[in-house]
Amino acid sequence: MRRVLFILVLLFCVIAVASHLQDQKPAPGHYLFVWCGDAGRKGNDFLAVVDADPSSPSYGHLLTSLATDQQTMRVHHTEYTMPASGMLFANDHDAGRTFIFDLRDPLHPKVVTSFTDLAGYMHPHSYLRLPNGHVLATFQHAHHGATEEPVGMTGGLVEIDDHGTVIRSASNADPAFAGALLTPYSLVVLPELDRVVSTNSSMHIDEIFAGVTYQVWRLSDLKLLKTAYFDVGENRYAQISPEEPRLAPDGSIFVQTLGCGLERITGVNTDEPKSKLAYTFPGNWCGVPTIVGHYLVQSAAASTV
C-alpha cells in the first residue's frame, strides 16, 4: 500500500513522503522527495531523495539526488499529492519551466521531460490531477509573442498528460472584467459537480493588490462560467492575493489569502456562487493551507501573536 504526504516549504523546497510506487520494483521503504534550488541562484535546481523510514538505519540520510540543467531562479510548486502514476510535476516558476519526474523507482529518479510555454500560455504555477490521470495546470499569462512585449494580464488552464503533451486549454479572459488582472494561481477540481474553481493572484509583488477574483469553470469542456470578486472584510486587506483553494468536508471551498484571510466559496454549481470572508488570521504572508478531516491547518510567515 502506498502512503504519500506532501508539505510545501516556502520558496525553495517541496517535501514529499512516499512509499514505493506501482509498475516498478524499487527497494522497499519510505522516501522523502525534496525539490530544491540554490539559494544563491548560482547552482541548478535538483531533486533530493531522503530515507524516510523510521526503522531504517539510514533514516534521515540523503540517499541520492538528481540535478536538472535549470539554473535556480525560484523553485516553487510541485503537485500537492503524489500521483498514482509516479510522474511528478515540479516547476521553477521564474524560469517558467516545469519538469516531469519519474519517481516510480525512488532510488533512481529520472527526468521524463520539461516544458515552458504551452498552448500559448506561459509561467505555469499549480498542478491538480483529474480523474483521467492528466494534470490540469494554471498558467499565469497568455504569451504575447515577442520577448520585449509585456506579459498578458490574463492566463489560462491547460490539461497535460504525463509526457508533457497538451490535451486541451482555455483562456481565463472575461469580457465582463476587461482590463482586470486575471492571473491564474491555483485551483480545485470538483468532478462530481463538473466544476473547477481557480483563483487569480499575481506572482509579481507589485501586483498583489490587483488579485481579488476567483473563477468557476465547467470541467467537462473547460468553459469559463463565472468570474467574481472575493468578499472584502472590515479590515479591507484580508482578501488581498487569494491563493490556495481547498475543498472542505461540507462541499464548500476555503481559499487562503496572502493577507491571511480565509474566504469561503459556496454555490459553485449555481449561476451565482458566493464568497464570504470567514476568518482573518493574526499576521500576514499566510501560505499553503491543508485540510485534514474537519480541521484546516494554516501557515503564517509573520504572526502578530
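As shown above, the structure is provided for reference.
Conventions and cut-offs
Residues numbered from 1 in each chain as written. Predicted model: local features only at pLDDT ≥ 70, side-chain atom pairs only at ≥ 80, totals over all residues. Heavy atoms only, no water. Disulfide = S-S within 2.5 Å. Helix = DSSP H or I, 4+ residues; strand = E, 2+ residues; numbered from the N terminus. Buried < 20%, exposed > 50% of the residue type's maximum accessible area, 1.4 Å probe, protein only. Pairing = 2+ DSSP bridges. Axes fitted to C-alpha atoms, helices over the stretch in contact; angles between N-to-C directions. Phe/Tyr/Trp six-rings, centres within 6.5 Å; stacked < 30°, edge-to-face > 60°.

Draft legend 1. Structural view of the state of the cysteines. Under the criterion given, the structure shown has 1 disulfide. Here Cys260 engages in a disulfide with Cys286; their sulfurs sit 2.0 Å apart. Taking the sign of the torsion about the S-S bond as the criterion, the disulfide between Cys260 and Cys286, at about 95 degrees, is right-handed. With Cys260 in the loop between β19 (253-257) and β20 (261-266) and Cys286 in strand β22 (residues 284-286), this residue pair connects regions lying 26 residues apart in the sequence. As far as burial versus exposure is concerned, Cys260 and Cys286 are alike and both buried.

Draft legend 2. Seen up close, the sheet that holds strand β17 (residues 223-229). In spatial order, the strands read β14-β15-β16-β17; together these 4 strands make up an open sheet with antiparallel pairing. Edge positions in the sheet fall to β14 (184-190) and β17, since each of these pairs with one other strand and no more. The mean inter-strand angle of the sheet, taken between neighbouring strand axes irrespective of direction, is 20 degrees. The pairing of strand β16 (residues 213-218) with β17 spans 6 bridges and is antiparallel. When the sheet's bridge partners are listed, Gln215 is paired in β17 with Thr227.

Draft legend 3. A look at the packing of aromatic side chains. For the structure on display, the rule yields 8 aromatic pairs. Residues Trp35 and Phe101 carry aromatic rings whose centres are separated by 5.5 Å and whose planes lie at 65 degrees to one another, so their mutual orientation is edge-to-face. Separated by 66 residues along the polypeptide, Trp35 in strand β3 (residues 30-36) and Phe101 in strand β8 (residues 97-102) bring together distant segments of the chain. In this structure, Trp35 and Phe101 share a single accessibility class: buried.

Draft legend 4. Broad picture of the pairing of strand β12 (residues 156-160). With 5 of 5 residues buried, β12 lies mostly within the body of the structure. Burial along β12 is two-sided: Gly156, Val158 and Ile160 and Leu157 and Glu159, pointing in opposite directions, are all buried. Pairing between strand β11 (residues 135-142) and β12: 5 bridges, direction antiparallel. Each residue of the ladder has a partner; that of Val135, found in β12, is Ile160. As paired elements, β12 and strand β13 (residues 166-171) share 5 bridges and run antiparallel to each other. Bridging across to β13, Gly156 finds its partner in Ser171. Joining the antiparallel neighbours β12 and β13 is a turn of 5 residues, in which Gly164 adopts a positive phi near 85 degrees.

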